[in-house]
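Descriptive structure summary
Chain by chain, the residues:
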Amino acid sequence: METLTFKEYEKLLSGPMGDWYNGRWSYYGPVIELITELSIKNALELGPGKITMIKNCDVMVKPDDDFWGKPDKNVSKIIQHDATEKPWPIKDKEYDLFIALQVWEHLNSRQTKAFREVMRISKMAILSFPYNWNCPKDNANYPEHHMIDKELIGDWTLNIEPIKFLEIPRTSEKVSRGPRLIYLWKF
């Protein structure tokens, strides 16, 4: 499968949301390395913003408008569905890989239900999380990012051990450029 390149990522930096994408290669790059190590034929990415990690993958996006946008190219199929609602309109083990980067914390206390759906519809999953960000009242950085730790991630993911785990260090002093955790599971 063909993945996002650094050159394509750099184009995002010069676009209207460039500041939002600034510093994200610090975890996009390692996720892309994980993807290239896997033997996959298809993938589903949840809430990818303007660009997906895997070209021509399927994406699942909220049915309503999303400020962060939706991919406008290099997508095979768009599934409009709220990930907090079960069941997802996807067959069992339909995908080799499920990807959700910096999305899980936005699932309104329904992360565990969504993770069960991930296990049902995919053979593997890569999720990334903000790690110990201190932003309880900072609306610009979303209170739902506040102090997510490994214990909470374990609760959200049924304490199923990942086969790989990466910790990405802070990329700047901005809260939104804080450390991130990346997990890879095989189900």
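That block above? That's the structure.
Everything quoted here is computed from the prediction, not taken from an experiment. (Residues numbered from 1 in each chain as written. Predicted model: local features only at pLDDT ≥ 70, side-chain atom pairs only at ≥ 80, totals over all residues. Heavy atoms only, no water.)

**Focus on the nonpolar core**
The following threshold applies: As used here, the term nonpolar core means buried Ala, Val, Leu, Ile, Met, Phe, Trp, Tyr and Cys residues forming a set that is joined through side-chain atoms within 4.5 Å. For every residue, the accessible area obtained with a 1.4 Å probe (protein chains only) is divided by the maximum for its type, and the residue is called buried under 20%, exposed over 50%, and partly exposed between those limits. Helix and strand assignments come from DSSP, with helices taken as H or I runs of at least 4 residues and strands as E runs of at least 2, each series counted from the N terminus. Note on contacts: a residue pair is in contact if any heavy atoms of the two residues lie within 4.5 Å.
Tyr 28, Ile 35, Met 53, Ile 54, Leu 97, Leu 101 and Ile 126 are the most contacted members of the largest nonpolar core, which totals 28 residues. Those elements that place two or more of their residues in this core are helix 1 (6–13), helix 3 (25–37), strand 2 (57–61), strand 4 (95–101), strand 5 (122–130) and strand 7 (180–186). Considering each element in turn, this core owes the most residues, 6 residues, to helix 3. Not counting chain neighbours up to four residues away, the residues in contact with Tyr 28 comprise Leu 4, Tyr 9, Tyr 21, Met 53 and Leu 101. Grouped together as the second largest cluster of nonpolar side chains are 27 residues, Val 103, Leu 107, Phe 129 and Ile 153 included.

**Quick notes on the environment of Ile 168**
Residue placement: Ile 168 occurs in strand 6 (residues 164–168). The spacing of Ile 168 and Tyr 131 is 37 residues in sequence and 9.0 Å in space, taken between C-alpha atoms. When neighbours within four sequence positions are excluded, Ile 168 is seen to be in contact with Ser 26, Tyr 27, Pro 30, Pro 179, Arg 180 and Ile 182.

**Remarks on helix 4 (residues 111–121)**
Keep this limit in mind: Note that the arc is defined by the directions from the helix axis to the C-beta atoms.
Turning to helix 4, its buried residues are Gln 111, Ala 114, Phe 115, Glu 117, Val 118 and Ile 121. Looking straight down helix 4, one finds that the buried residues subtend no more than 155° of arc, so they occupy a single side. Those residues of helix 4 that are buried are in contact with strand 1 (43–46), strand 4, strand 5, helix 5 (150–156) and strand 7.

**As for empty space enclosed by the protein**
To keep things clear, this is the line we draw: Grid spacing is 1 Å over the protein atoms alone, the probe is 1.4 Å, and a cavity is where that probe fits but cannot get out, while a pocket is an open set with protein on both sides within 12 Å along at least five of seven lines and lining residues have an atom within 4 Å of a point. Grid points are joined across faces, edges and corners, and a volume is the space filled by probe spheres set on the points. When residue character is reported, Ala, Val, Leu, Ile, Met, Phe, Trp, Tyr, Cys and Pro are called nonpolar, Asp, Glu, Lys and Arg charged, and the others, Gly included, polar.
Summed over all chains, the structure comprises 1 cavity of 30 Å³ or more. Empty space within the largest cavity amounts to approximately 70 Å³. In terms of lining residues, the largest cavity is bounded by Leu 4, Glu 8, Lys 50, Ile 51, Thr 52, Lys 55, Lys 73 and Asn 74. Classifying every residue of the lining of the largest cavity gives 2 nonpolar, 2 polar and 4 charged.

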